[in-house]
Amino acid sequence: MNQMFSNFQLKAISNHRDAIYGISIILVILYHCYCNSKNYLLNPFAEGFIGVDIFILLSGYGLCFSYNSRTIKEFYVRRLLRILPVYFTYNILYALVACFCLKSPLSIEDFIYNITTLSYYGLGTYGEGNRCFDWFTAAILLLYLLFPLSYKMTLRRGREIFIILCLFAIFYHRIIPDVPWRIDCLVCRLPIFIFGILLYHYREEKLGFRNRRGIILFLPIFLYFGFIYSTWFFQTAMIAPFLLIIMSCFLSLIEKKLCIDV
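Along each chain, residue indices are assigned from 1 in the same order as the chain's sequence is written. Note on the predicted model: pLDDT of at least 70 is required for a residue's local features to be given, and 80 or more for side-chain atom pairs to be given and counted; whole-chain, interface and lining totals, by contrast, use all residues. Neither water nor hydrogens contribute to the side-chain values; these are computed over all heavy atoms in the structure.

Each helix corresponds to a stretch of at least 4 residues labelled H or I by DSSP, and each strand to a stretch of at least 2 residues labelled E; elements are numbered beginning at the N terminus. Tracing the chain through its elements places Thr137 in helix α6 (residues 135-145). Remark: exposure states derive from per-residue accessible area (1.4 Å probe, protein chains only) relative to the maximum for the residue type, with buried under 20%, exposed over 50%, and partly exposed in between. For Thr137, a relative accessible area of 10% gives the class buried. Here Asp134 takes part through its side chain, which lies 2.4 Å from a polar atom of the side chain of Thr137. Residue contacts are counted whenever heavy atoms from the two residues lie within 4.5 Å of one another. Setting aside residues up to four positions removed in sequence, Thr137 forms contacts with Ile83 and Tyr87. In the analysis that follows, any N or O atom pair within 3.5 Å is treated as a polar contact, provided that within protein one partner can donate a hydrogen and the other can accept it, and provided that, for residues neighboring in sequence, both atoms belong to side chains.

Okay, here's the thing in structure tokens:
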């Protein structure tokens, strides 16, 4: 347990980051296929949304490389250019399809709320109370916006921030009633985003081994309390680091096997 995130494993995560991203995306796609079809063949992917947890964890880890190799302006421009063109195109195409193919066309007001991600914050009437049809883009843009602050705070008080966010994610449902699912999706993943930043600091040896050990030992504890008090989103978030290790080690073994065969 103490050596769970050794330098070798952190190197494996870095080397296979794109492949792990791809697997995460496939898991999310299969999860949505399961939700829409309820095909028994897709039952193994009923919890495929854990791909989102792995994606957000890796985002926290990967953003550190971009942040440290560019100016703050270049960092934000690069992030926005990678997301917004595709997001705007998708919104426009969806609005056109809604106008010509759906019984209830998307109103201009809701289109504006969606394309600006304001629907995530409860504006508009689209989706029968769900408000937005894409929570993830709004959430990830918020994480990008706050990343410089998250990075610096994690370097100074990373373990404490991780613990506080986990405790909040576990118990906030008991404090704030009727939390929309789209908000729960982000709140329960905030600790794992910080965990990704912590991994980068461990890789750069900016945080000591003792700090690292404390974080790892907290994961099963929070997972236990998550089963009792929190939602399934938080539970999968606590499982994501362990799954990340398995995936990175498995990909390393495949790479080693292929090199030997060649």
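Right, let's talk about the layout of surface pockets for a bit. Considered as a void within the structure, the largest pocket measures approximately 1,400 Å³ in volume. A cavity, in this analysis, means grid points on a 1 Å lattice covering only the protein atoms where a 1.4 Å probe fits yet has no way out; a pocket is instead an open set bounded by protein on both sides within 12 Å along at least five of seven lines, and a residue lines either one if it has an atom within 4 Å of a point. Lining the largest pocket are 40 residues, and of these Ile25, Phe55, Asp134, Phe136 and Thr137 lie nearest its centre. Of all the secondary-structure elements, those providing two or more residues to the lining of the largest pocket are α2 (17-37), α3 (50-69), α4 (72-101), α6 and α8 (181-187). In terms of residue count, the dominant contributor to the lining of the largest pocket is α2 (eleven residues). Here the residues of the lining of the largest pocket sort into 24 nonpolar, eight polar and eight charged. Grid points are joined across faces, edges and corners, and a volume is the space filled by probe spheres set on the points. Its volume calculated, the second largest pocket comes out at about 250 Å³. Looking at the second largest pocket, it is lined by 13 residues, and the ones nearest its centre are Leu146, Ser150, Leu165, Leu190 and Ile194. In this classification, Asp, Glu, Lys and Arg are treated as charged, Ala, Val, Leu, Ile, Met, Phe, Trp, Tyr, Cys and Pro as nonpolar, and every other residue, Gly included, as polar.

Secondary-structure assignment places Gln235 in helix α11 (residues 232-261). A distance of 3.0 Å separates a polar atom in the side chain of Gln235 from the backbone oxygen of Gly226. Beyond its immediate sequence surroundings of up to four residues, Gln235 is in contact with Leu223, Gly226, Phe227 and Ser230.

Structurally, the α-helix is built with 3.6 residues per turn, so residues lying three or four positions apart point the same way. For helix α7 (residues 147-175), built from 29 residues, the straight-helix expectation of 42 Å at 1.5 Å per residue is missed by more than 12%, its first-to-last C-alpha distance being only 27 Å. Fitting axes to the seven residues that end at a residue and to the seven that start at it, the angle between those axes gives the bend at that residue. The sharpest bend along α7 measures roughly 105° and falls at Arg157. Multiply 1.5 Å by the residue count of a helix minus one, and that product is the helix's expected span.

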